[in-house]
Amino acid sequence: MRDPRLLAAQRDLLLVARTLVDGALVGVHPSRLPGSGLEFSQYRSYQPGEDLRRVDWKLLARSDRYFIREAERETAATVRVVLDATGSMAHAEEEGAKLDVARVLAAALLLVAHRQGDAIGLVIVRDGGADVLPPLHGSRQLHRLLHRLQDLTAHGAWPDWPRLEPLLVPGARGITVLLTDLHEAGREIRDALRRVAAAGHDVLVLALEGRHERDFDYEGAVTLEDLETGERVAVSAAARAEVRARRAARAAALRDELLAAGVQVVRLGLDAPLEEALRRALEPRARAARAGR
Amino acid sequence: MTPLDPRGLAALAALALPLALHLWSSRPRRVIRVGSVRDAAGIPAARRLGRRLDDPLRFALRAGALVALALALAGLRAAPPAPAAHVVVPAVAESAAAPLLDSLRAGGVTVHHVAPGPPVWPALAAADAQAAPGASLVVIAPPWASLLGAYRPALTRAATWRDVAARPPGDGDAPARVTAVIVTSAARRAEGRVLRAALEAARAVRGDSLEIRELLDTDAAPPVGSVPWLAWLSEAPLPAAWRAATAGTLLRAGGTTPAMSVRALDDEGRPLLYEAAPGDLYLAAPLTAQRLPAILTARFADVVAGTLPAPVTTAADTTRVSAAQRAPARSTLQAAPADPSPRERTEAAFPWWLLAVACFAAERASTWRRRRG
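The model shown is predicted, which means the values in this text are computed figures rather than measured ones.

Moving on, we get to the overall build of chain B. Broken down by element type, chain B carries eleven helices and 16 strands. Counting only residues that meet the buried cut, chain B has 42% of its 373 residues in that class. Residue pairs at least 24 apart in sequence account for 71% of intrachain contacts in chain B once pairs closer than 6 positions are excluded. Total accessible area computed for chain B in this model is approximately 19300 Å², and 60% of it derives from carbon and sulfur atoms.

Structure follows, in structure tokens:
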């Protein structure tokens, strides 16, 4: 069943991202920057003009001195969301189109990163090229990125690596989150991910897949039409099991290959609730943060 | 499971239609736009064609509807209904059994009337040949010895006798005498004796109405008046005087022409008598045991008795006979199935019509759901 928020996201992506994020998150990763937050860092003397709300009143009662309690800020990393907006992301099922789900998840991830003080950037891959919005801090950046996501449509194919390299590799190393369906004509997505990871980026792939696409439970004989190439293939009902098996085998091989390259892959079903998808998207980072503490 | 009309099963050939449609359908398939056809495109085309019985559920529903339709036309039923009885009634029992026959006729029972004169067995054999398989044979007759011949035919089923009390024929009627004349040459005297013995056996059944005369001289003049039955056993041609005197059946020895038809067969299917014209009979072979073994059987006596003129209104032998004496000889012959009644057809076809309608409705529902989906 289609989540009504996917429809609402057509009008106000930020609002939908807020409702989604508010239900689900804690910090993605710890920050080295001092400031207000949850993790205690140090006490320091109060300086006139500072916000009185930051004074530790319990310590004042005990010591009769004004101290400011400092904690590590939640984040200070660079988070770059790469959105696969090629033709294949137009694949739609009862729950909605992949691109719609990817857009909401991208907005939510950008909002999370923004709230934690990260520099956020956006790369939209489509039409054999990519639109790059470099990482920056601030609310204006968030609104700029969300505005860019607002009227996005899926079209074209994934570009070759030579065209993508100058757009993905340079810049500050940080977290790169790719929202994609991992459909590729050859090895172009895998190669790009492998090279971005090799360049020192922390790469997470959120692979979206539809229920019918995964189970291949279409009734009767059908003709499949490739959204990117327009190629048509007639498939009989009897061939369903074989198609399922091939798809599962290919997905497993692809995951293993990406893991070996240091790329984490999280598969998200279109039929899963958006909150759960967001939690699963953030889980690897939270797990890494806990391990690093 | 037995079909009432096996011809209806020919409708099963219609199964080829949905099978062909599903295997070689050129209808535009449902087009689904997907992100990639890479996994499906890897399947060899020949293999896809070989296994492309598409939409097996709808094929099963369509085939099921057709099969049910064929079975409805064939009238397939769990068990055949009890066939109607065939009733054989000799003339002597007609009046005595009238109320019973009326009620049987009202129930749709087939009644065979036996031509006047004993024995009743040939009529029973004819009814056996006509009756449906499983139908019972019922003989409504008085238990008189005169109704039984010496020969009992082989029937495909048991016959039940229902006794009625009838007035013996000839009781108060004037008996009509029939004269049978046998003329033999010296060389064929032995054959004359065989024929006389057969006539004597017939007389035992018919009573005193049969007079048998045997003449050993072929040059003798015919008796005064007409001869209702003449056997001419001689190589000499039949004299014109004898020909003129014969008013009924003429039985001659030997010789067949292509125009003759077989009048009677022995138990093994070999001809006993040929008939050139009505009443003009020829023996198939000399009446010797070597040439015509049937003369040693009771059937030969019945065949000869069958050539004698009827009716015979002499007093019947009303000696009571036991049930065992009236039981026909049995054989294992299988007769053809009977035509079912319209009601039987309807009852047998109804569940199959229902199934056909259900399959069709399910197929339509499946198609509707698929179009919506």
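This brings us to the overall build of chain A. Scanning chain A from terminus to terminus reveals ten helices and 13 strands. By element, 52% of the accessible surface of chain A is carried by carbon and sulfur atoms, the whole surface being about 13600 Å².

Moving on, we get to the environment of Arg280(A). All names here are of chain A. By the element assignment, arginine 280 lies in helix H10 (residues 274–292). The contact partners of arginine 280, leaving out residues within four places of it in the chain, are Val266, Arg267 and Leu268. A polar side-chain atom of arginine 280 sits 2.8 Å from the main-chain carbonyl oxygen of arginine 267.

Listed per partner, the contact involves 24 residues of chain B and 32 residues of chain A. In total, chain B and chain A occlude about 2800 Å² of area from one another, counting both sides; carbon and sulfur atoms represent 53% of this. Salt-bridge contacts for Asp39(B) lead to Arg250(A); the nearest nitrogen and oxygen are separated by 2.9 Å. Elements that contribute at least two residues to the side of chain B that touches chain A include exactly strand E2 (30–34), helix H2 (38–41), helix H3 (45–50) and helix H11 (342–372) of chain B.

Turning our attention to the sheet that holds strand E9 (residues 175–180) of chain A. All names here are of chain A. Strand order in the open sheet made by the six strands is E8-E7-E4-E9-E10-E13, with mixed pairing throughout. Edge positions in the sheet fall to strand E8 (129–136) and strand E13 (264–269), since each has one partner strand and no second. Going across the sheet, the axis of each strand differs from the next one's by a mean of 15 degrees, ignoring polarity. Judged from the six bridges that link them, E9 and strand E10 (residues 202–209) form a sheet pairing that is parallel. Along E10, the bridge assignment pairs leucine 178 with valine 205.

A separate point is the side chain of Glu225(A). As for its placement among the helices and strands, Glu225(A) is situated in strand E11 (residues 222–226). On the basis of relative accessible area, Glu225(A) is assigned to the buried category, the value being 14%.

Residues and elements named next belong to chain B. Per-residue confidence for chain B averages 76 on the pLDDT scale, and 76% of its residues sit at or above 70. When pLDDT is averaged over each helix and strand of chain B, the minimum, 46, is found for H3 and the maximum, 88, for strand E11 (residues 227–233). The low-confidence segment residues 45–51 (pLDDT under 50) makes ten contacts with residues lying over four places distant or belonging to another chain. Considering only residues more than four positions removed or in separate chains, one finds that residues 332–337, a stretch of pLDDT under 50, has six contacts. Model confidence for the complex: the whole-complex pTM is 0.47, and ipTM, which rates the interface, is 0.72.

To continue, consider the sheet that holds strand E12 (residues 232–235) of chain A. Strands sit in the order E12(A)-E11(A)-E2(B) across an open sheet of three strands; the sheet is mixed. The sheet is open, and its two edges are formed by E12 of chain A together with E2 of chain B, each paired on a single side. Strand-to-strand, the axes of this sheet are offset by a mean angle of 30 degrees, without reference to chain direction. Pairing of E11(A) with E12(A), which is carried by four bridges, proceeds in the antiparallel orientation. Looking at E12(A), one finds that Leu224(A) is bridged to Val233(A).

On to the packing of aromatic side chains. Evaluated as defined, the whole model comprises four aromatic pairs over all chains. Ring geometry for Tyr43(A) versus Phe67(A): centroids 6.4 Å apart, planes at 70 degrees, classification edge-to-face. Residue Tyr43(A) is found in strand E2 (residues 39–45), and its partner Phe67(A) is found in strand E3 (residues 67–72); the two are separated by 24 residues along the sequence. On the basis of relative accessible area, Tyr43(A) is assigned to the partly exposed category, the value being 34%. Their ring planes at 50 degrees and their centres at 6.2 Å tell us that Trp232(B) and Trp242(B) sit as a pair that is tilted. Taken as a pair, Trp232(B) in strand E11 and Trp242(B) in helix H8 (residues 240–245) lie far apart in primary sequence, ten residues in all. A single burial state applies to Trp232(B) and to Trp242(B), both of which are buried.

Since one α-helical turn is 3.6 residues long, residues separated by three or four positions face the same way. All names here are of chain A. An ideal rise of 1.5 Å per residue puts 16 Å on twelve residues; helix H5 (residues 139–150) measures up with 16 Å between its terminal C-alpha atoms. Along H5, the residues that are buried comprise Gln141, Leu142, Leu145, Leu146, Leu149 and Gln150. Each element contacted by the buried residues of H5 is listed here: helix H2 (13–22), strand E4 (78–84), helix H4 (98–115), strand E7 (119–126) and E8.

A word on the environment of Val89(B). Residue and element names in this part refer to chain B. Residue position: valine 89 is located in strand E4 (residues 86–89). What makes valine 89 buried here is its relative accessible area of 0%. Measuring from C-alpha to C-alpha, the distance between valine 89 and arginine 162 comes to 10.0 Å, with 73 residues separating the pair along the chain.

Thresholds, definitions, all that
Residues numbered from 1 in each chain as written. Chains lettered and ligands numbered in written order. Predicted model: local features only at pLDDT ≥ 70, side-chain atom pairs only at ≥ 80, totals over all residues. Heavy atoms only, no water. Helix = DSSP H or I, 4+ residues; strand = E, 2+ residues; numbered from the N terminus. Buried < 20%, exposed > 50% of the residue type's maximum accessible area, 1.4 Å probe, protein only. Contact = heavy atoms within 4.5 Å. Areas by Shrake-Rupley, 256 points an atom, 1.4 Å probe, with all protein chains shown as cover. Polar contact = N/O pair within 3.5 Å; in protein donor to acceptor, adjacent residues only side chain to side chain. Buried area = accessible area lost by both parts, 1.4 Å probe. Salt bridge = Lys/Arg side-chain N within 4 Å of Asp/Glu carboxyl O. Pairing = 2+ DSSP bridges. Axes fitted to C-alpha atoms, helices over the stretch in contact; angles between N-to-C directions. pLDDT = per-residue confidence, 0-100. Phe/Tyr/Trp six-rings, centres within 6.5 Å; stacked < 30°, edge-to-face > 60°. Expected span 1.5 Å × (residues − 1).

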